[in-house]
Amino acid sequence: QQKVQQSPESLSVPEGGMASLNCTSSDRNFQYFWWYRQHSGEGPKALMSIFSDGDKKEGRFTAHLNKASLHVSLHIRDSQPSDSALYFCAASEPITGNTGKLIFGLGTTLQVQP
Amino acid sequence: GGIITQTPKFLIGQEGQKLTLKCQQNFNHDTMYWYRQDSGKGLRLIYYSITENDLQKGDLSEGYDASREKKSSFSLTVTSAQKNEMAVFLCASTGLGANTGQLYFGEGSKLTVL
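Residue positions are counted from 1 within each chain, in the order its sequence is given. Here every chain gets a letter starting at A, and every ligand a number starting at 1, in the order they are written. Only residues with pLDDT of at least 70 get local features here, since the model is predicted, and only at 80 or more are side-chain atom pairs given and counted; chain-wide, interface and lining totals rely on the full set of residues. The basis for every side-chain value is the complete set of non-hydrogen atoms in the structure, without hydrogens or water.

(A) Local environment of the sheet that holds strand β3 (residues 19–25) of chain B. Residues and elements named next belong to chain B. DSSP calls a pair of strands paired once it identifies at least 2 bridges connecting them. A run of H or I in DSSP counts as a helix once it spans at least four residues, and a run of E counts as a strand once it spans at least two, with each numbered from the N terminus. The strand order across the open sheet built from 4 strands is β1-β3-β8-β7, with neighbouring strands paired in antiparallel fashion. The strands lining the two open edges of the sheet, one partner per strand, are β1 (4–7) and β7 (64–70). The average undirected angle you get between the axes of adjacent strands in this sheet is 15 degrees. Summarising the sheet, β1 and β3 pair through 4 bridges and their orientation is antiparallel. The residue of β3 that forms the bridge with Thr7 is Lys22. Fitted lines through C-alpha atoms give the axes, limited to the stretch in contact for helices. The angle between two N-to-C directions lies from 0 to 180 degrees.

This is the structure in structure tokens:
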């Protein structure tokens, strides 16, 4: 069973619109969550992390975490064509000390229509 | 800023062949990772290494070997390539640990097995 589940699988929004991506974990060992973005032909790049309950805003991007339900979301306002990419939710599973390994979801493909 | 360099960028092999992928980072990061990305399956962890000469198996280690002889480099060997196999292998590193630090990815090595 996939430990990190993302929805929807794909999403299309108009330029200037709001994109909302969802992620749910099934493992309460996960304490830290990340959103990564991957453009075609490139490696994933970290967008933002969230560790505490509530909202975290960075520019046009807002992440929300509900630890009780292990649900994380990412909202992109004023979406731009350059936001078109594959978005991954990742949860950190502790290894030792401050070192962990990231477990990724299958991703959400976002297409922003000009 | 640093960079992660993966070689080769494209690798074509024959069934049963042993194939090696290389990764170099100049971040001076302690922890390095190898992930496999298949279409529609997200990123799956193959091996990771917390420090020089350390090796830890991920969820997908069967059929692979890894080697971390130096802090800056991490190699992955496909021990016997499977016919019709096609995937992108991504190397990543982190300095603070994946719990609170972000992963930096290379651009990937694309494997095709004929």
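So, next bit.
(B) Up close: the nonpolar core. Core analysis: the largest hydrophobic core is formed by 24 residues, its most contacted members being Phe33, Trp35 and Leu74 of chain A. Secondary-structure elements contributing two or more residues to this core are β3 (19–25), β4 (32–38), β5 (45–50), β7 (61–66), β8 (71–76), β9 (85–96) and β11 (108–113) of chain A. Residue contributions to this core peak at 4 residues, all from β9 of chain A. Definition used in this section: a nonpolar core is a set of buried Ala, Val, Leu, Ile, Met, Phe, Trp, Tyr and Cys residues joined via side-chain atoms within 4.5 Å. Buried residues are those whose accessible area, probed at 1.4 Å on protein chains only, stays under 20% of the maximum for their type, while exposed residues exceed 50% and partly exposed ones sit between those limits. In terms of nonpolar packing, the next biggest core, distinct from the first, is built from 20 residues, Leu21, Met32, Phe74 and Cys91 of chain B among them.

(C) Structural context of the pattern of salt bridges. All names here are of chain B. Think of a salt bridge as a Lys or Arg side-chain nitrogen and an Asp or Glu carboxyl oxygen that are within 4 Å of each other. Inspection of the entire model under this criterion finds 10 salt bridges over all chains. Residues Lys71 and Asp30 are paired through a salt bridge, measuring 3.4 Å at the closest nitrogen-oxygen approach. Of this pair, Lys71 sits in the loop between β7 and β8 (73–78) while Asp30 is found in the loop between β3 and β4 (31–37), placing the two residues 41 residues apart along the sequence. A relative accessible area of 28% places Lys71 in the partly exposed class. When its relative accessible area of 33% is taken as the criterion, Asp30 is described as partly exposed. In this structure, Glu85 engages Arg36 in a salt bridge whose closest nitrogen and oxygen atoms are separated by 2.6 Å. With Glu85 in the loop between β8 and β9 (86–94) and Arg36 in strand β4, this pair connects stretches of sequence that are 49 residues apart.

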